[in-house]
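Fold and contact review
This is what each chain is made of:
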Amino acid sequence: MRIVLLGAPGCGKGTQAKLMAEKYRVPQISSGELLRQAVSEKTDLGKRVESIMASGELVSDDIATDAVTERLRSNESKRGFVLDGFPRTIPQAQQLDTRLGWMNRPLQLALYFSLDPAVVVKRALGRLECAKCGASYNRYFSPPAKRGICEHCGSKELVQRPDDHQHAVRARLDAYDRDTVPLITYFKAQHKLRTVEGEGDIQDIFKRICEIVDTEIRPLETKVIAIETGREYRSDAVTLISGGKVVRKDSRADNDKAVGQAKQRLSARDSKKAAEKKVAKKKVVKKKAAEKKVAKKKVVKKKAAEKKVAKKKVVKKKAAEKKVAKKKVVKKKAAKEKAVKTKVVVRKSATKKRTHKG
Ligand code: AMP
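These notes cover the structure that comes with them.

Rules used in this analysis
- Residues numbered from 1 in each chain as written.
- Predicted model: local features only at pLDDT ≥ 70, side-chain atom pairs only at ≥ 80, totals over all residues.
- Heavy atoms only, no water.
- Pairing = 2+ DSSP bridges.
- Helix = DSSP H or I, 4+ residues; strand = E, 2+ residues; numbered from the N terminus.
- Axes fitted to C-alpha atoms, helices over the stretch in contact; angles between N-to-C directions.
- Contact = heavy atoms within 4.5 Å.
- Salt bridge = Lys/Arg side-chain N within 4 Å of Asp/Glu carboxyl O.
- Buried < 20%, exposed > 50% of the residue type's maximum accessible area, 1.4 Å probe, protein only.
- Core = buried A, V, L, I, M, F, W, Y, C linked by side-chain atoms within 4.5 Å.
- Arc of directions from axis to C-beta.
- Polar contact = N/O pair within 3.5 Å; in protein donor to acceptor, adjacent residues only side chain to side chain.
- Near = heavy atom within 4 Å.
- Nonpolar A, V, L, I, M, F, W, Y, C, P; charged D, E, K, R; others polar.

Strand order in this open sheet of five strands is β2-β3-β1-β4-β8, and the pairing throughout is parallel. Looking at strand neighbours, the two that pair on one side only are β2 (28–30) and β8 (193–197), the edges of this open sheet. Strand-to-strand twist in this sheet, taken as the mean axis angle between neighbours without regard to direction, amounts to 25 degrees. Alignment of strand β4 (residues 109–114) against β8, held across five bridges, turns out to be parallel. Note that in β8 the partner of L111 across the bridge is R194. Helix-sheet contacts for helix α2 (residues 31–40) involve β2 and β3 (81–84), and the interaxial angle to β2 is about 60 degrees.

What follows is the structure, given as structure tokens:
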């Protein structure tokens, strides 16, 4: 499913994009969200666009296009995407068509949310967002059950975006009228425009969107699967193609059966791939844990060896010091004994001399 959502700021695109992404298992690519992320991460791009966004003006076409292109090219967008807030100008729409053309994945639908301008202003001014989990509410139309508390994560940080203040809202609505409204004609000319009534309960609007997607896009996807398996719809008959040549014409029932089988094969292939990915991830985790264990053991062993060497050194030093001290004591004692002995000898010889004279 490759779809863009068009509509005035506050028309509910973001809320519906989230629901669609969840139901159809495709990423929601929101240019506004990507730019806000750059601002909060204070990247170079974020610094460049921060004041423009806060004023409610549009950032340049190149910046907006580059911001979404990487996500469009990513693997997660292979099954499709819901583009929310992009394109917002004719040059952006042209760039999008060109880039999707390069990827061989053209846009399938542009869903336009029609809404009374008075409601649009109230919606934009009443918008609240959970600073923690990103859940959106509206002060006037869809407030949280408990005032000021997020129903999803319990956070008390329900905040108004800087560009949802009155003068910025005015600027955003002006930019919408001037630059984005012409896209309605652009997509109409491509026969891709579908309009959905943007007023009412969120779930009712979502139901209307699902009806459009399920009748307009899903059959197209079935057709793609049929072509992948070598079959192609031609009104009620189905042509079987092999090596570029028509080899058989099947009934519609046969084709539906083949498409069902192809779907099963594709889903089995997806599950197999997912299982392989899981096993590979487990292996990497296991290998890393083993490497960490070995590295830890090495460190412990090295530290123990160093401790042992240091201990040995201390013991050796102490023994040497003890030996030296002992030697000193012995030497001192011997010197003392010698001195005493000499004294006795001298005294004896003096006494002898005196007795001779006498
Ligand atoms: P949004 O969350 O879609 O309302 O976008 C918030 C702000 O981001 C806009 O007011 C613009 O300043 C900027 N922005 C988002 N998407 C685009 C775009 N496709 N082209 C230009 N500016 C954009």
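Having seen the model, we can carry on.
This next bit is on the pattern of salt bridges. The full count for this structure, using the stated rule, is six salt bridges. Note that R99 is salt-bridged to D66, the shortest N-O span being 3.6 Å. Of the two residues, R99 is situated in helix α5 (residues 90–102) and D66 in helix α4 (residues 61–73); the sequence distance between them amounts to 33 residues. A relative accessible area of 48% means that D66 is categorised as partly exposed. A cluster of three or more residues bridged by salt bridges with shared partners is formed by E57, R178 and D179.

Let us look at the nonpolar core. What tends to happen in soluble globular proteins is that the nonpolar side chains get buried as a cluster. Of all hydrophobic cores here, the largest spans 58 residues; its most connected members are M1, I3, M20, L72, L83 and F187. Not counting chain neighbours up to four residues away, the residues in contact with F187 comprise V4, L6, P87, A93, L107, A110, K192 and L193.

Our next topic: helix α3 (residues 44–55). Taken together, the buried positions of α3 are occupied by G46, V49 and M53. In an axial view of α3, the angular spread of the buried residues amounts to 90 degrees, which keeps them on one side of the axis. Seen from the open side of α3, the exposed residues pointing more than 90 degrees away from its buried face are D44, K47, R48 and S51. Buried positions along α3 lie against α2 and α4.

This brings us to the side chain of R123. With respect to the helices and strands, R123 occurs in helix α6 (residues 117–126). A polar contact is formed between the side chain of R123 and the backbone oxygen of C11, at a distance of 2.7 Å. Ignoring anything within four residues of it in the chain, the contact list for R123 reads G10, C11, G12, L115, N138, F141, G198, E199 and G200.

This part covers the site of the ligand. Residues in close proximity to the ligand total 16 residues, the closest being S31, E57, R88, Q92 and R172. At 2.9 Å, a side-chain N or O of Q92 approaches a nitrogen atom of the ligand. The separation between an oxygen atom of the ligand and a polar side-chain atom of R172 is 2.9 Å. Looking at the shell around the ligand, the element that brings in the most residues is α2, giving four residues. The class makeup of the residues in the shell around the ligand is six nonpolar, four polar and six charged.

Put simply, helix α7 (residues 166–180) and helix α8 (residues 182–189) touch, their axes get as near as 5 Å, and they point 35 degrees apart. Between α7 and α8, the contacting residues are D177, R178, D179 and T180 on the first element and P182, L183 and I184 on the second. Its residues assigned to classes, the contact of α7 with α8 shows three nonpolar, one polar and three charged.

Another point: the environment of L109. As for its position among the elements, L109 is in strand β4. Judged by relative accessible area, L109 falls into the buried class, the value being 2%. Spatially, the C-alpha atom of L109 lies 8.3 Å from that of F187, the residues being 78 residues apart in sequence. Aside from chain neighbours lying at most four places away, what touches L109 is R2, I3, V4, K192, R194, I212, E216 and I217.

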